[in-house]
Amino acid sequence: MTRFQKLAVAALISLLVLIFVGATVRVTGAGLGCPDWPRCWGGFVPPSDVSEIDFSKLPMEKFQRAAEKVGLDPSSVSEESLRKEFNVVHAWTEYINRLSATPVSIFTLLTFIAAFWQRPKRPAVFWMAFASVMLVFVNALVGAMVVSSRLKPMVITIHLALAMLMLGTLTYCAWRGTDTPWRIRLKGGGKFLKLAVGVLLLVVVAEGIIGSQIREITDEMAKAHLHQARSEWIGELERSGIYLFHRSFSWAVLGAACWAWWLTLKHREGGAGKVEHAAVGIVVSQMILGMVMARVHVYAGVQLLHVGLAAVLLVLCCLWWLGLSRDVQRG
């Protein structure tokens, strides 16, 4: 592995960690643990108790305007209401999420700088590294919008979608940043294998987009049933058409994975490798986790794994597809 690839892999791993931490924030309801940005309760480090907060440092008018934009009475946002909202666990959870963005920014920037030496031979790597840096910058602004919009569902979905797009750009950099990128050697035929993996990649992306819409629905339900236990209202989700489609569409993901798996076993030298094993294993695991949430209970830990493994699956599918590139196989 080249030095450039090590930087790209470090950026990719740090982004996966950030997605897991971000999923923790959303699952635990800690999205407004720090109501301001980039500070947290007016300071650079979260307070351990509400008595430590200097409310004069908080942009109260900004909070009120944000509340009005989402249909709330701006007068409902006051020092007294913020005192009641303070939760030290939520504050530190959100703060750790923000800190987790730092290594992503550093490693992505270093990857972009190192990409200047890649540009003469591999210009696509340079532009993918440049796109990654731009995505870091844009997503930081969207992250601020998440807080200022008081967790507006569509803004959260865009935030996650940009992170998923960045997984693709960094995966390409990590894979192609060498004269001899990893490739899948075929023993003949297999003309439909890359198509099958491409279909798998597309359905995984589609299922992720639909899943983000489900999260929006559950967030809105949680607000509508603010003081009720989750077990009392989560059954409403079963009557949502998009939720039922999401659950049924998971079979399309499993079918695409089995198709790509079967073609790999048939045409790859030595049979399926670690990437293919891991991808299909995660698809099966996601089916099991989905069944647990549908038939047993929507546990926070299960939700966390479901979102995090979806990100890892996306990386593996991208790598699987890239490994089948014809130009690389000829070289």
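Per chain, residue numbering runs from 1 following the sequence as it is written. Given that the model is predicted, a residue must reach a pLDDT of at least 70 before its local features are reported, and side-chain atom pairs must reach 80 or more before they are shown or counted; all residues, however, enter totals for whole chains, interfaces and linings. Working from all heavy atoms in the structure, the side-chain values ignore hydrogens and water.

**Regarding the overall build of the chain**
Phase 1 of the analysis: Secondary structure counts use DSSP, requiring at least four H or I residues in a row for a helix and at least two E residues in a row for a strand, with both numbered from the N terminus. Of the regular secondary structure elements, the chain holds 12 helices and 0 strands.
Phase 2 of the analysis: C-alpha atoms of the chain, sized along the principal axes, occupy 70 × 50 × 30 Å.
Phase 3 of the analysis: The buried label applies to any residue whose accessible area, calculated with a 1.4 Å probe on protein chains only, is under 20% of its type's maximum; exposed applies above 50%, and partly exposed to all values in between. In the chain, which comprises 331 residues, the share counted as buried stands at 48%.
Phase 4 of the analysis: Of the contacts formed within the chain by residues at least 6 apart in sequence, a portion of 77% connects residues at least 24 apart.
Phase 5 of the analysis: For accessible areas, the Shrake-Rupley method is used with a probe of radius 1.4 Å. Any residue's cover is judged against the shown protein chains and nothing else. Just so you have it, the chain exposes about 17,000 Å², and 66% of that area is on carbon and sulfur atoms.
Phase 6 of the analysis: Between the averaged position of the 33 positive side-chain charges in the chain and that of its 22 negative side-chain charges there is a distance of 16 Å. Contacts between residues were defined by any pair of non-hydrogen atoms, one from each residue, lying within 4.5 Å. The sign given to each residue is positive for Lys and Arg and negative for Asp and Glu; His and the chain ends receive no count. One atom stands in for each charge, and that atom is NZ of Lys, CZ of Arg, CG of Asp or CD of Glu.

**Describing the state of the cysteines**
Phase 1 of the analysis: Throughout, disulfides are identified as pairs of cysteine sulfur atoms within 2.5 Å of each other. Evaluation of the coordinates by the stated rule reveals 1 disulfide.
Phase 2 of the analysis: Summary of cysteine pairing: Cys258 is not part of a disulfide, and the nearest cysteine sulfur, belonging to Cys317, is at 13 Å.
Phase 3 of the analysis: Using a relative accessible area of 42% as the deciding quantity, one classes Cys258 as partly exposed.
Phase 4 of the analysis: No disulfide involves Cys317; its sulfur sits 7.2 Å from the nearest other cysteine sulfur, which is in Cys318.

**A word on the layout of surface pockets**
Phase 1 of the analysis: In this analysis a 1.4 Å probe is tested at points of a 1 Å grid over the protein atoms alone, and where it fits but cannot get out there is a cavity; an open set with protein on both sides within 12 Å along at least five of seven lines is a pocket; lining residues have an atom within 4 Å of a point. Grid points are joined across faces, edges and corners, and a volume is the space filled by probe spheres set on the points. Computed from the structure, the second largest pocket encloses a volume of approximately 310 Å³.
Phase 2 of the analysis: Contributing to the lining of the second largest pocket are 14 residues, with Val9, Leu12, Ala174, Val315 and Leu319 lying nearest its centre.
Phase 3 of the analysis: Breaking the lining of the second largest pocket down by element, the ones donating at least two residues are helix H1 (3–28), helix H6 (153–176) and helix H11 (300–322).
Phase 4 of the analysis: Charged means Asp, Glu, Lys or Arg here, nonpolar means Ala, Val, Leu, Ile, Met, Phe, Trp, Tyr, Cys or Pro, and polar covers whatever is left, Gly included. Looking at the lining of the second largest pocket residue by residue, the class counts come to 12 nonpolar, 2 polar and no charged.

**Observations concerning the packing of H1 against H11**
Phase 1 of the analysis: Axis definition: a line fitted to C-alpha atoms, limited for helices to the stretch in contact. Angles are taken between N-to-C directions and run from 0 to 180 degrees. Between H1 and H11, the least distance of the axes is 9 Å, while the angle of their chain directions is 155 degrees. Viewed along their axes, H1 and H11 adopt a mutual orientation that is roughly antiparallel. Classified by chirality, the crossing of H11 by H1 is right-handed. Contacts between H1 and H11 involve Leu12, Leu16, Ile19, Phe20, Ala23, Thr24 and Val27 from the first element and Ala300, Gln303, Leu304, Val307, Gly308, Leu309, Ala311, Val312 and Val315 from the second.
Phase 2 of the analysis: Split by residue class, the contact of H1 with H11 holds 13 nonpolar, 3 polar and no charged. Here is the rule for angles: anything less than 35 degrees is roughly parallel, anything more than 145 is roughly antiparallel, 65 through 115 is roughly perpendicular, and the remaining ranges are oblique. Less than a right angle of anticlockwise turn of the near helix away from the far helix marks a crossing as left-handed, whereas a clockwise turn marks it as right-handed.

**Side note on the environment of Arg83**
Phase 1 of the analysis: Assignment of secondary structure puts Arg83 in helix H3 (residues 79–85).
Phase 2 of the analysis: Residue class for Arg83 comes out partly exposed when judged on its relative accessible area of 39%.
Phase 3 of the analysis: In this structure, Arg83 is in contact with Val50 and Phe55, ignoring residues within four places of it in sequence.

**Points about the packing of aromatic side chains**
Phase 1 of the analysis: Aromatic contacts are taken between Phe, Tyr and Trp rings whose centres are within 6.5 Å, Trp giving its six-membered ring; a plane angle under 30 degrees counts as stacked, one over 60 as edge-to-face, and the others as tilted. Evaluation of the coordinates by the stated rule reveals 10 aromatic pairs.
Phase 2 of the analysis: Aromatic side chains Phe116 and Phe126 sit 5.0 Å apart centroid to centroid with 70 degrees between the ring planes, which places their arrangement in the edge-to-face category. Taken together, the residues Phe116 in the loop between helix H4 (88–115) and helix H5 (123–148) and Phe126 in helix H5 connect sequence positions 10 residues apart.
Phase 3 of the analysis: What makes Phe126 buried here is its relative accessible area of 4%.

**Describing unusual backbone geometry**
Phase 1 of the analysis: Of note, the amide linkage connecting Trp37 to Pro38 takes the cis form, showing an omega dihedral of 10 degrees.
Phase 2 of the analysis: Among the structural elements, Pro38 can be located in the loop between H1 and helix H2 (60–69).
Phase 3 of the analysis: The backbone of Trp41 shows a phi angle near 55 degrees, a positive value even though the residue is not glycine.
Phase 4 of the analysis: Tracing the backbone through its elements, the reader meets Trp41 in the loop between H1 and H2.

**Notes on the side chain of Thr264**
Phase 1 of the analysis: The residue Thr264 is located in helix H9 (residues 241–267) in this model.
Phase 2 of the analysis: Contacts of Thr264, omitting those with residues within four sequence positions, involve Leu193, Ala272, Glu276 and Trp320.

**Looking at the confidence of the model for the chain**
Phase 1 of the analysis: Per-chain confidence: the chain averages 86 in pLDDT, with 91% of residues scoring 70 or above.
Phase 2 of the analysis: Per-residue confidence from the predictor is reported as pLDDT, a score between 0 and 100. When pLDDT is averaged over each element of the chain, H4 comes out on top at 94 and helix H12 (residues 326–330) at the bottom at 48.

**Re H1**
Every α-helix carries 3.6 residues per turn, so stepping three or four residues along brings you back to the same face.
Phase 1 of the analysis: Every helix has an expected span of 1.5 Å times one less than the residues it contains. Counted at 1.5 Å a residue, the expected span for H1 with its 26 residues is 38 Å, and the 38 Å between its end C-alpha atoms agrees.
Phase 2 of the analysis: Just downstream of H1 lies Gly29, where phi reads positive at about 75 degrees.

**Concerning a nonpolar patch on the surface**
Phase 1 of the analysis: Distance thresholds for patches are 9 Å for like charges and 5 Å for nonpolar side chains (Val, Leu, Ile, Met, Phe, Trp, Tyr), applied to residues having over 30% relative accessible area and no salt bridge. A carboxyl oxygen of Asp or Glu within 4 Å of a side-chain nitrogen of Lys or Arg is what we treat as a salt bridge. A contiguous nonpolar surface patch, about 560 Å² in accessible area, is contributed by Phe44, Val45, Val88, Val89, Trp92 and Ile96.
Phase 2 of the analysis: Within the secondary structure, Trp92 sits in helix H4.

**A few points about the nonpolar core**
Phase 1 of the analysis: We call a set of buried residues a nonpolar core when its members are Ala, Val, Leu, Ile, Met, Phe, Trp, Tyr or Cys and they connect through side-chain atoms within 4.5 Å of each other. Counting residues in hydrophobic clusters, the biggest one holds 54 residues, and the most contacted among them are Leu15, Met166, Leu167, Leu200, Leu313 and Trp320.
Phase 2 of the analysis: It is H11 that provides the largest number of residues to this core, a total of 10 residues.
Phase 3 of the analysis: The contact partners of Met166, leaving out residues within four places of it in the chain, are Leu15, Val104, Thr108, Ser132, Leu135 and Val136.

**Some details on the packing of H1 against H4**
Phase 1 of the analysis: One way to put it is that H1 packs onto H4 with a least axis distance of 8 Å and a crossing angle of 160 degrees. Between H1 and H4, the crossing angle belongs to the class labelled roughly antiparallel. For the element pair H1 and H4, the recorded crossing hand is left-handed.

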